[in-house]
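# Results of the structural survey
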Amino acid sequence: NSEICGKRCDRGTCRMDLTAVLPELRARFKPDQFRDRLRKSERSSSPDPFWAETFQQLFVLSHQEGRDDLLFFVKWDPHLETEMVEVIRKDPKSLPKSSDKSILWDQTLYLNIILHEFEYEVTASAVTVKADSDIINSVQAKIPLKVFPSPSHRRMDKKGQLSDVIYPNIMFCIDNFEEIFSDVHVCTPGEKVAIQLTASNKAASVKQMVFLGAVDYTTLKEAFDKRDHVSFGTRLKRMSAKRSSRIYDFNHTYQFIQMRGPNLKGFAEMAVTKAKDHEAVDHPMTPSAWREGSEKVSRGGDSATAAVSQDSPDGEVSQKKGTLKGRLKLHRLSSRKKPPAEDPTLHAYLTYVQLPWYTLIDDILNGTKKEVL
């Protein structure tokens, strides 16, 4: 065991941390191996003991203050021909043994590293760019938010703790997105909404950008204009199918679009809606971190595209209620020119970011891209 972690393990407690194993993980990780494995009709656990032993020392034998005691195990179900994620509370008596061949130990190790070893921050920003380029002129709003990864998606249409397992994808959900990102809006061509997700581990001196996407005003407006103009009854039915536990304002409609990430690695979902007539537009600010002409936001990192989400309820309506912040905004005066009638101000709320686990861990271990936002 000491050869694997490079630390001494005494009296059942291992003083191993992520820093000790990162070089070995970088050397062993092969993203194409996992992409190829997904195309096969069966999975088998790696015979290499490194994966199971490293998992044991990093998550079972070690004791880190404040760490969640839920551990995640990836198994292959031959009957359903799919990977299953089993969640077990940390207890040596109930946890699978290292010799358990039903566990895909390499994926189990990587999944728990993603869920337990890193902190994640998503930044949503409305920016203006120079004509015919992606060079940022100024930022109208920049909102950072701590988010949490999960291999499942919480169901909103049923009471209780029901969820849909989406592994091998990892989801970063944003609750109350209307309130959190209320200042992110665009009103003219040349403005974009940009989304950035970073992963960090201070102890291991790791901070990597794992997602970057951007969508311009024209694309958002085209998507919103194509929304379904459905009846009140149809909206009620769609409410019961998704996010029905929330309170809705039936005067607001949403169009959900997907913002693709670099090289089509994952996507972010945006809820696009028209700003109410009485909502003011804030003045664009230019903090020192945004040096004119020095930063770029490409279309989705490298090659993002925005497409209308096929699994989202077109015409879904908002839960947003009047808040003190919202009421105060009624009295603010806009310092930008009022857009023409055909160019309404649009809110673009980030609802979630979804990434395959192997692209996420690849960027964490081997990423070289610098933060933009």
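Residues numbered from 1 in each chain as written. Predicted model: local features only at pLDDT ≥ 70, side-chain atom pairs only at ≥ 80, totals over all residues. Heavy atoms only, no water.

## Considering the side chain of threonine 198
Short version of the rule: Helix and strand assignments follow DSSP, with helices taken as H or I runs no shorter than four residues and strands as E runs no shorter than two, numbered in order from the N terminus. Between two residues, a contact is recorded if the distance between any of their heavy atoms is within 4.5 Å.
The residue threonine 198 is located in strand 12 (residues 191-201) in this model. If sequence neighbours within four positions are ignored, threonine 198 has contacts with Glu119, Tyr120, Glu121, Lys207, Gln208, Met209, Val210 and Glu371.

## What about the confidence of the model for the protein?
Applicable threshold: The predictor rates its confidence in each residue with pLDDT, a number between 0 and 100.
With 66% of its residues at a pLDDT of 70 or more, the protein shows a mean pLDDT of 75. Segment residues 242-251 is flagged for pLDDT under 50; beyond a separation of four residues in sequence, or across chains, it makes 44 contacts in the model. Low pLDDT, under 50, characterises residues 282-336; the stretch is placed with 163 contacts to residues that sit more than four places away or in other chains.

## A short note on the pairing of strand 10 (residues 169-173)
Here is the rule: Here the rule is simple: two strands pair whenever DSSP picks up at least two bridges between them.
Relative to strand 10, strand 7 (residues 149-150) is paired through two bridges, and the arrangement is antiparallel. When the sheet's bridge partners are listed, proline 149 is paired in strand 10 with phenylalanine 172. Both strand 10 and strand 19 (residues 346-356) contribute to a ladder of five bridges, which runs antiparallel. The residue bridging cysteine 173 from the neighbouring strand is tyrosine 352, located in strand 19.

## Focus on the layout of surface pockets
This is how the line gets drawn: Here a cavity is any set of points on a 1 Å grid over the protein atoms alone where a 1.4 Å probe fits but cannot get out, and a pocket is any open set with protein on both sides within 12 Å along at least 5 of 7 lines; a residue lines the site when it has an atom within 4 Å of a point. Grid points are joined across faces, edges and corners, and a volume is the space filled by probe spheres set on the points. Throughout this entry, Asp, Glu, Lys and Arg are counted as charged residues, while Ala, Val, Leu, Ile, Met, Phe, Trp, Tyr, Cys and Pro are counted as nonpolar. The remaining residues, Gly among them, count as polar.
Within this model, the largest pocket holds a volume of roughly 870 Å³. Of the residues assigned to the lining of the largest pocket, the class counts are 17 nonpolar, 11 polar and eight charged.

## Details of the packing of aromatic side chains
Definition in use: For this analysis, a ring pair means two rings from Phe, Tyr or Trp (six-membered ring only for Trp) whose centres lie within 6.5 Å, classed as stacked if their planes differ by under 30 degrees, edge-to-face if by over 60, and tilted for the remaining angles. Buried residues are those whose accessible area, probed at 1.4 Å on protein chains only, stays under 20% of the maximum for their type, while exposed residues exceed 50% and partly exposed ones sit between those limits. Distance and angle both matter: a charge sits over a ring if NZ of Lys or CZ of Arg is within 6 Å of the ring centre and within 35 degrees of the ring normal.
Under the criterion given, the structure shown has 19 aromatic pairs. Taking the centre distance of 6.0 Å and the plane angle of 85 degrees together, the rings of tyrosine 254 and tyrosine 349 count as edge-to-face. Taken together, the residues tyrosine 254 in the loop between strand 14 (249-253) and strand 15 (255-260) and tyrosine 349 in strand 19 connect sequence positions 95 residues apart. Given a relative accessible area of 1%, tyrosine 349 falls into the buried group. Each member of the aromatic cluster is reached from another via a ring pair, and the members are Phe29, Phe34, Phe50, Trp51, Tyr110, Trp357 and Tyr358. The aromatic ring of phenylalanine 50 is capped on one face by arginine 28, whose charged end is 4.0 Å from the ring centroid.

## Some words on the packing of helix 2 (residues 18-28) against helix 4 (residues 49-60)
Put simply, the rule is: Axes here mean lines fitted to C-alpha atoms, for a helix over just the part in contact, with angles spanning 0 to 180 degrees between N-to-C directions. The labels follow the angle: roughly parallel below 35 degrees, roughly antiparallel above 145, roughly perpendicular from 65 to 115, and oblique for the rest. For any pair of crossing helices, the crossing counts as left-handed if the nearer helix is rotated counterclockwise from the farther one by less than a right angle, and right-handed if it is rotated clockwise.
Where helix 2 contacts helix 4, the axes come no closer than 12 Å and their chain directions differ by 160 degrees. As far as their axial angle goes, helix 4 and helix 2 are roughly antiparallel. Relative to helix 4, the crossing made by helix 2 is left-handed. Judged by residue contacts, Leu18, Val21, Glu24, Leu25 and Arg28 of helix 2 engage Phe50, Trp51, Thr54 and Leu58 from helix 4. Looking at side-chain class alone, the contact of helix 2 with helix 4 contains six nonpolar, one polar and two charged residues.

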